[in-house]
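A closer look at the structure
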Amino acid sequence: MSVARALALGTLAVVLAGCGSARSSSGSATLWVTRDRGAVVLHAEQVPAGESVLQALDRVASVKTRYGGRYVRAVDGLEEQARRSWFYYVNGYLADRSAADYRLRPDDVAWWDYRSWRDPAQDPLVVGAFPQPFVAGYGGERHRTVIVSSDPGRVRALARRLHATVAPRGAGTLPRNVNVISIGDARRTSARLEFVASTAPGSPVRLSFEGDPKALLRARPFRFRYEVGG
């Protein structure tokens, strides 16, 4: 597959950029612009809900496009190169649609990151936006969340925050249409977000977390991170 064709895939986050006016909506969303998998933060702003992800980016940064304005080429002078491009995520999911078509909802987290890639669909999920996607979902749709722990008492506060149910470890097979947060007992903190079954953005996900679950009660405990630990 050619690079040009790969970059045109819908799973590539720097996808299409078109025109369009913002729809009115109350509330705000969060916009991050970083490089190198979140290692360098360029912008971290609140933007109006109702705008497209592209409009939000254009609000806080200087944006250049190509292919008739349908592809983000550069942000603040940082241009695409061979195997280095701009990708965007919403609530932890690598986006599957034009940045001009995704309308931000209140409390959404949109994240543009300039990074290297081997496959345009790599890193389809990131933990940085936690507690999204568990509280905001994708495209306005959210799945029910189940928290699995060997000590259910440790996660009651987290369950209340996420409007989740709690299941003791070993209780049985969980439905495939729910989000899962699996709490381990290791002392060293790690966190990784993976799909439960389908890999389409908005599908149920599993957060595998090791450490003290109280850390998950902090605001954006993993922000600007693709994953934590190993």
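All residue numbers refer to positions counted from 1 along the written sequence of the respective chain. The model is predicted, so local features are restricted to residues of pLDDT at least 70 and side-chain atom pairs to those at 80 or more, both for listing and for counting; the totals for chains, interfaces and linings are taken over all residues. The side-chain quantities take in all heavy atoms of the structure and omit both hydrogens and water.

Digging into the sheet that holds strand β12 (residues 190-195)
To be explicit about the condition: When DSSP finds two or more bridges between a pair of strands, those strands are recorded as paired. Each helix corresponds to a stretch of at least 4 residues labelled H or I by DSSP, and each strand to a stretch of at least 2 residues labelled E; elements are numbered beginning at the N terminus. Note on geometry: axes are C-alpha line fits, over the in-contact stretch for helices, and angles between N-to-C directions span 0 to 180 degrees.
Here we have five strands laid out as an open sheet, ordered β10-β9-β11-β13-β12, and mixed in their pairing. Strands at the two margins of the open sheet, each flanked by one partner only, are β10 (165-168) and β12. Across this sheet, the average inter-strand angle for adjacent strands is 20°, counted without regard to direction. Where strand β9 (residues 145-149) and β10 come together, four bridges link them in parallel fashion. By the bridge assignment for β10, Val148 is matched with Ala167.

Focus on the environment of His163
Test applied: Partly exposed describes any residue whose relative accessible area lies between the buried limit of under 20% and the exposed limit of over 50%, with all areas from a 1.4 Å probe on protein chains only and scaled to the type maximum.
Along the chain, His163 turns up in the loop between α3 (156-162) and β10. Residue classification places His163 among the exposed positions, given a relative accessible area of 66%. Taking the C-alpha atoms as reference, His163 lies 8.2 Å from Val135; in sequence the two are 28 residues apart.

Notes on the layout of surface pockets
Counted only if it meets this: Buried and open spaces are told apart on a 1 Å grid over the protein atoms alone, a cavity being a set of points where a 1.4 Å probe fits but cannot get out and a pocket being an open set with protein on both sides within 12 Å along at least five of seven lines. Residues with an atom within 4 Å of a point are the lining residues. Grid points are joined across faces, edges and corners, and a volume is the space filled by probe spheres set on the points. Under the scheme applied, nonpolar residues are Ala, Val, Leu, Ile, Met, Phe, Trp, Tyr, Cys and Pro; charged residues are Asp, Glu, Lys and Arg; polar residues are all the others, including Gly.
In this model, the largest pocket occupies a volume close to 150 Å³. Lining the largest pocket are Arg37, Asp123, Pro124, Leu125, Val127, Arg192, Leu193, Glu194, Phe195, Tyr226 and Glu227. Residues that form the lining of the largest pocket fall into these classes: six nonpolar, no polar and five charged.

Some points on the environment of Asp96
To be explicit about the condition: Residues adjacent in sequence count toward polar contacts only when both atoms are side-chain atoms; beyond that, a polar contact is any pair of N or O atoms within 3.5 Å, and within protein one must be able to donate a hydrogen and the other to accept it.
Within the element layout of this structure, Asp96 appears in the loop between β7 (93-94) and β8 (109-116). For the pair formed by Asp96 and Ala121, sequence separation is 25 residues and the distance between their alpha carbons is 9.7 Å. Within the structure, the side chain of Asp96 is placed 3.2 Å from the side chain of Arg97, a separation counted as a polar contact. At 2.7 Å, the side chain of Asp96 and the side chain of Tyr138 are in polar contact.

So, the packing of aromatic side chains
Counted only if it meets this: Centre distance within 6.5 Å is the pairing criterion for rings of Phe, Tyr and Trp, where only the six-membered ring of Trp is used; planes under 30 degrees apart are then read as stacked, over 60 as edge-to-face, and the remainder as tilted. Charges are assigned to positions over rings by a cutoff of 6 Å between ring centre and Lys NZ or Arg CZ, combined with an angular limit of 35 degrees from the ring normal.
Per the counting criterion, the structure on display carries 13 aromatic pairs. Look at Phe130 and Phe134: their rings are 5.8 Å apart centre to centre, the planes differ by 65°, and that puts the pair in the edge-to-face class. Look at Phe134 and you get buried, because its relative accessible area is 0%. Among the aromatic residues, those joined into a ring-pair cluster are Trp32, Tyr89, Trp111, Phe224 and Tyr226. Positioned above the aromatic ring of Phe87, the side-chain terminus of Arg115 is 3.9 Å from the ring centre.

Some thoughts on the pattern of salt bridges
Here the idea is simple: oppositely charged side chains can pair when their charged atoms come close. Formally: Within this document, salt bridges are pairs made up of a side-chain nitrogen of Lys or Arg and a carboxyl oxygen of Asp or Glu, the two lying within 4 Å of each other.
For the coordinates displayed, the defined rule picks out ten salt bridges. Ionic pairing is found between Asp36 and Arg84, a salt bridge with its closest N-O pair at 2.6 Å. Residue Asp36 is found in the loop between β1 (28-35) and β2 (40-48), and its partner Arg84 is found in strand β6 (residues 84-90); the two are separated by 48 residues along the sequence. Each of Arg35, Asp36 and Arg84 takes part in salt bridges that share partners, so that together they form one network.

Here's the deal with unusual backbone geometry
The linkage connecting Phe130 with the following residue, Pro131, adopts the cis geometry, with an omega of 20°. Structurally, Pro131 is set in the loop between β8 and β9. In the segment running from Gln132 into Pro133, the intervening peptide bond is cis, with an omega of 5°. When you line up the elements, Pro133 lands in the loop between β8 and β9. One non-glycine residue, Asp76, lies in positive phi territory at about 50°. Following the sequence through the fold, Asp76 ends up in the loop between β4 (71-75) and β5 (78-79). Residue class for Asp76 comes out partly exposed when judged on its relative accessible area of 41%.

Here we look at the sheet that holds β5
Sheet strands line up and pair through hydrogen bonds in the backbone, either parallel or antiparallel. With antiparallel pairing, the three strands of this open sheet are ordered in space as β3-β4-β5. Each of the sheet's edge strands pairs with one partner strand only, and the pair in question is β3 (63-66) and β5. Across four bridges, the pairing between β3 and β4 is antiparallel. Counted as the bridge partner of Arg66 is Tyr71 from β4.

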